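Structural features, examined
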Amino acid sequence: MTDRYAVFGHPIAHSKSPQIHAAFARQTGQDMTYEAILAPLDGFAECVAQFMAADGRGANVTVPFKEEAYKLAQRLSPRAQRAGAVNTLSFDADGILGDNTDGAGLVADLTRNLHQTLGGKRILLLGAGGAARGVIEPLLDQQPAAFVIANRTVSRAQELADLFGHGITACSFEAADTPFDIVINATAASLAGELPPLSPRIFTDNTLAYDMMYGRDTPFLSFARTNGASATSDGLGMLIEQAAEAFFVWRGERPETAAVIAALRS
Ligand code: ATR
């Protein structure tokens, strides 16, 4: 029987996940379907229950349900526990297992696709919401020389710094004004077409500026280019790498991502 998977979100029509997982399934010869499901804002748990009852095997979870998925899961992977959010659900006889592949997806994109070495580097993470929290631990695992979290509300950045330890510095956007090797925008500012009040001094001709948003040139990426960043990237690679990691969690097979990234870029 064909195994069913889905992504739950609100909105969801724009999601590229069905296309990505269809490509992975074709490539690996896995017998599965993957659909996009619009869950009502007040009906995520019911929607998941219906999908499980209809033989769903697993699901991805996107905005705004990742924290709810964390609460819904009966068991959590260590990385989901630390992220405080779940983007990948697996359903089995023991119930719902929650995992989070976002951070692994970002690290895979930075290291494999963008050929960055993170060990010994200075990393600046912009934002202190759910998207930022989900990627901190996997970035720290790469042993950067410095890790700074800058946020509009400094107390939220400080909470994350206290939670993850490892000598993380928390500050305002304006206070981050020394050069960094990698600057990652995990704020929701790009969604609104806005630019956080960044210092141009964070960028050098060795800086990669990375926006976790994808699909359009953001004010952040254009500000980085204007101020001398040597490379910029949107988050399409992260999207595809987190999907590949979820596919591995479900199917035990890791798909090749390069061709899928190229196809979606064009
Ligand atoms: P997400 O799950 O996308 O991270 P979130 O938890 O609501 O959503 O967090 C949004 C992040 O984007 C926060 O860091 C937020 O800053 P505050 O903590 O000060 O609210 C940041 N953010 C949202 N809009 C922003 C803007 N226009 N400029 C700068 N930062 C912004």
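Bear in mind the structure is a predicted one, so any value in this text is a computation, not a measurement. (Residues numbered from 1 in each chain as written. Predicted model: local features only at pLDDT ≥ 70, side-chain atom pairs only at ≥ 80, totals over all residues. Heavy atoms only, no water.)

What about the overall build of the protein chain?
Rule in force here: Counting from the N terminus, the helices are the DSSP runs of H or I reaching at least four residues and the strands are the DSSP runs of E reaching at least two. The globule rule used for comparison is 2.2 Å times the number of residues to the exponent 0.38, while the radius of gyration itself is calculated over C-alpha atoms. To sort residues, take the accessible area from a 1.4 Å probe on protein chains only and compare it with the maximum for the residue type: under 20% means buried, over 50% means exposed, and anything in between is partly exposed. Every residue pair with non-hydrogen atoms within 4.5 Å of one another is taken to be in contact. Here the Shrake-Rupley method, with its probe set to 1.4 Å, supplies the accessible areas, and only the displayed protein chains count as covering residues.
What the protein chain contains, in helices and strands, is ten helices and twelve strands. In terms of overall dimensions, the protein chain is globule-like: its C-alpha atoms have a radius of gyration of 18 Å, near the 18 Å expected for 266 residues. Expressed as lengths along the three principal axes of its C-alpha atoms, the size of the protein chain is roughly 55 × 40 × 30 Å. Out of the 266 residues belonging to the protein chain, those deemed buried represent 53%. Sequence separation of at least 24 residues holds for 64% of the intrachain contacts in the protein chain that already meet a minimum separation of 6. Accessible surface for the protein chain amounts to roughly 11,700 Å². Of this, 50% is attributable to carbon and sulfur atoms.

Considerations on the domain arrangement of the protein chain
Cut-off, in case you're wondering: What marks off one domain from the next here is an automatic or database domain assignment. Buried area: the accessible surface (1.4 Å probe) lost by two parts on joining, summed over both. We define a salt bridge as a contact between a side-chain nitrogen of Lys or Arg and a carboxyl oxygen of Asp or Glu at a distance within 4 Å. Here a polar contact is recorded for every N or O atom pair within 3.5 Å, except that within protein the pair must consist of a potential hydrogen donor and a potential acceptor, and residues adjacent in sequence are included only if both atoms are side-chain atoms. Asp, Glu, Lys and Arg are counted as charged, while Ala, Val, Leu, Ile, Met, Phe, Trp, Tyr, Cys and Pro are counted as nonpolar; the rest, among them Gly, fall into the polar class.
Examined at the domain level, the protein chain breaks down into domain 1 (3–100 + 237–265) and domain 2 (103–234). The gap between the C-alpha centroids of domain 1 and domain 2 is 25 Å. Between domain 1 and domain 2, the contact holds 18 residues from the first and 18 residues from the second. Both sides of the domain 1 and domain 2 interface together cover about 1,300 Å² of buried area, and 53% of this is carbon and sulfur. Between the two partners, domain 1 and domain 2, sit three salt bridges. With its nearest N and O atoms 3.2 Å apart, the salt bridge here joins Glu137 to Arg82. For the pair domain 1 and domain 2, the interface holds seven residue pairs in polar contact (both at pLDDT 80 or more). Sorting the residues of the side of domain 1 that touches domain 2 by element identifies helix H4 (78–83), helix H9 (236–251) and helix H10 (258–265) as the ones contributing at least two each. Top element by residues in the side of domain 1 that touches domain 2 is H9. It accounts for six residues. For the side of domain 1 that touches domain 2, the residue count by class is four nonpolar, seven polar and seven charged.

Quick word on the sheet that holds strand E5 (residues 88–92)
Operational definition: When DSSP locates at least two bridges between a pair of strands, those strands are taken to pair. Every axis in this analysis is a line fitted to C-alpha atoms, fitted for helices over the stretch in contact. Angles between the N-to-C directions lie between 0 and 180 degrees.
Judged by pairing direction, the sheet is mixed, and its six strands sit side by side in the order E2-E1-E3-E5-E6-E4 without closing on themselves. The sheet is open, and its two edges are formed by strand E2 (32–38) and strand E4 (75–76), each paired on a single side. In this structure, strand E3 (residues 56–61) lies alongside E5, joined through three bridges in antiparallel fashion. Bridge pairing links Gly58 to Ser90 in E5. Where H9 meets the sheet, its contacts fall on strand E1 (3–9), E2, E3, E5 and strand E6 (95–99), and the angle it forms with E5 comes to roughly 10°.

Topic: the site of the ligand
Definition in use: Near residues are defined by distance, with any heavy atom within 4 Å of the molecule or strand qualifying the residue.
Neighbouring the ligand are 14 residues; Asn151, Thr153, Arg156, Ala188 and Glu194 lie closest to it. Contacts to the ligand include Thr153, whose side-chain N or O atom sits 2.5 Å from an oxygen atom. Relative to its unbound accessible area of 640 Å², the ligand is 73% covered by the protein chains. In terms of residue class, the shell around the ligand is built from five nonpolar, six polar and three charged.

Describing the pattern of salt bridges
By the definition in use, this model includes 13 salt bridges. The closest approach of N and O atoms between Asp102 and Lys66, which form a salt bridge, is 2.9 Å. With Asp102 in helix H5 (residues 102–113) and Lys66 in helix H3 (residues 66–72), the pair connects residues that are 36 residues apart, well separated along the chain. Classification of Lys66 by relative accessible area gives partly exposed; the value is 21%. Of the charged contacts, one joins Asp99 and Arg79 as a salt bridge, the two residues approaching to 2.8 Å between their closest N and O atoms. One end of the pair, Asp99, is in strand E6; the other, Arg79, is in helix H4, with 20 residues separating them in the sequence. Judged by its relative accessible area of 8%, Asp99 is buried. One salt-bridge network, in which partners are shared between bridges, spans Arg79, Asp99, Glu245 and Arg254.

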